Amino acid sequence: MIRLSKPIISEDEINAVNHVLRSGVFVQNEHVQRFEQLLKQFIGSDVLAVSSGTAALHVALSALKIKKGDAVFLPSFTFPATANVVELQHARPVLVDVDEDTYNIDPKKLEKSIEEWQGPEIPKAIIVVHQFGAPCNMTKIREIAKKYGLFLIEDAACALGTTWNGQHAGTFGDIGCFSWHPRKSITTGEGGAVAVKDNMLRKRIELLRNHGLEKSEGKVQLTLPGFNYRLTEFQAVLGKEQLKKFNGWLESRRDLAGYYKKYLKDTADVQLPKEVTGHAWQTYMVVLNENISQQAVIGEMRQKQIETNIGSLSVHLLDYYKTKYKYQDSFFPISRKLSEQGLALPMYPGLDKTDIDYVCSSLKEIISKCKK
Ligand SMILES: *Cc1c(COP(=O)(O)O)cnc(C)c1O
């Protein structure tokens, strides 16, 4: 079976984890600090490690005091966690459709949506998602956030190594959120991080991820009620080892994306993702024409021992959101199309080019059999 994605765990990683397990120190300590330093060197901004990408998003909104009565603008085409954390803060998620080429929030539609927002909730923040590692146009997004006085949060869960004008995703807004889930480009099992520049905000996140407890003059104080969103030492050491290899992996992903493009361009009924500068290719998702059945293609590819999948979801089509906010299926048509016609192809460093040849020739062969 050619897998959709595969974490790379070498003996170095296994030995490093072993070492931590034998040490007996398991919770947020020196390895977490060291992992944070390495991440800081890599993306160029202060970083705090947390227990997942969702924890990163939640602690970001909590630190910015997003609450009931606030409206938060975000793309409809995303993993539900992006919207769920807004809901968990009792704020109102406001969905915005995405761009057909990059799969990212459309800045024009974002501005229109803010401009035309009727309330009663008050616009407070924007969450952009660098979907599958494609950079959002952060020049435009930052202008919009500034113009309307909104906090800017980047969901960079899939976007380690992604850059916009040479600057790393996650470092443009108030807070950037990363995930180290096995499906992402480096993994710690579960894990995540926030990038944050402002000192007060960083301090708040440090408290919030650790119950709100801090040590001052040898005494433990509870400053505010917090979560337990700490990363463990054995996760951090895994992250450190993964990060050392990441530049090579990134190059390999870019190489494979170029190879897919070469093979699949001019394939009938298949639209390829746009090659934006700074793309980190966490996922390679093509879009099937409306006359092709996504599920049939996934099934036929499985018959050929190739794992493919949908790319991401449309939040407005999910039961909870659809019911609560009375969304119709026809809202956010591009997001809907990407979720219903998107096909993620195998993509991980070390994927063999002969495997890609097989994936591409199989796709070309079966596609005409999968007409709706
Ligand atoms: C994976 C992902 C998340 C959630 O990250 P976890 O570490 O699984 O909690 C959030 N947003 C996006 C866009 C993701 O792809």
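Residues numbered from 1 in each chain as written. Predicted model: local features only at pLDDT ≥ 70, side-chain atom pairs only at ≥ 80, totals over all residues. Heavy atoms only, no water.

- The name that an unreviewed UniProt entry assigns to the chain is dTDP-4-amino-4,6-dideoxygalactose transaminase, with the source organism given as Alteribacillus persepolensis.
- Quoted straight from UniProt, the Sequence similarities (unreviewed entry) entry for the chain says "Belongs to the DegT/DnrJ/EryC1 family." (UniProt positions renumbered as here; feature names shortened; annotations may be inferred.)

**Quick notes on helix 5 (residues 107-115)**
Stage number 1. Taken as a whole, helix 5 has its buried residues at P107, L110, S113 and I114. Take helix 5 and look down its axis: the buried residues cluster within an arc of 125 degrees, on one side only. Residues of helix 5 that are exposed and angled more than 90 degrees away from the buried face: K108, K112 and E115.
Stage number 2. If you follow the buried residues of helix 5, they end up packed against strand 2 (70-75), strand 3 (92-96), strand 4 (122-129) and helix 6 (138-147). (Buried < 20%, exposed > 50% of the residue type's maximum accessible area, 1.4 Å probe, protein only. Helix = DSSP H or I, 4+ residues; strand = E, 2+ residues; numbered from the N terminus. Arc of directions from axis to C-beta. Contact = heavy atoms within 4.5 Å.)

**What to know about the sheet that holds strand 5 (residues 151-155)**
Stage number 1. Pairing in this open sheet of 7 strands is mixed, and the strands run 1-9-8-5-4-2-3 from one edge to the other. The outermost strands of the open sheet, each flanked by one partner alone, are strand 1 (47-50) and strand 3. Strand after strand, the sheet turns through a mean of 25 degrees between neighbouring axes, direction not considered.
Stage number 2. Pairing analysis gives 5 bridges linking strand 2 to strand 3, with the strands arranged parallel. Bridging from a neighbouring strand, L74 pairs with L95 of strand 3.
Stage number 3. This element, helix 5, spans strand 2, strand 3 and strand 4 of the sheet and lies at about 135 degrees to strand 3.
Stage number 4. Together, strand 1, strand 8 (175-179) and strand 9 (192-196) form the strand contacts of helix 7 (residues 199-208), whose direction differs from that of strand 9 by roughly 155 degrees. (Pairing = 2+ DSSP bridges. Axes fitted to C-alpha atoms, helices over the stretch in contact; angles between N-to-C directions.)

**Looking at helix 8 (residues 233-264)**
Stage number 1. Maximum bend of helix 8: about 50 degrees, positioned at F246.
Stage number 2. A positive backbone phi angle near 70 degrees is found at D266, which sits one or two residues after helix 8. (Bend = angle between axes of the 7 residues up to and from the residue.)

**Quick look at the site of the ligand**
Stage number 1. The immediate surroundings of the ligand are formed by 16 residues, with G53, T54, D155, S179 and K184 found nearest.
Stage number 2. S179 is positioned such that a nitrogen or oxygen atom in its side chain is 2.7 Å from an oxygen atom of the ligand.
Stage number 3. Burial of the ligand by the surrounding chains reaches 90%, relative to a free accessible area of 380 Å².
Stage number 4. The site holding the ligand turns out to be the largest pocket.
Stage number 5. Broken down by element, the residue count for the shell around the ligand peaks at 3 residues, all from helix 3 (residues 53-63).
Stage number 6. Of the residues in the shell around the ligand, the class split is 6 nonpolar, 8 polar and 2 charged. (Near = heavy atom within 4 Å. Polar contact = N/O pair within 3.5 Å; in protein donor to acceptor, adjacent residues only side chain to side chain. Areas by Shrake-Rupley, 256 points an atom, 1.4 Å probe, with all protein chains shown as cover. 1 Å grid on protein atoms, 1.4 Å probe; cavity = no way out; pocket = protein on both sides within 12 Å on 5 of 7 lines; lining within 4 Å. Sits in = over half its atoms within 2 Å of the grid points. Nonpolar A, V, L, I, M, F, W, Y, C, P; charged D, E, K, R; others polar.)

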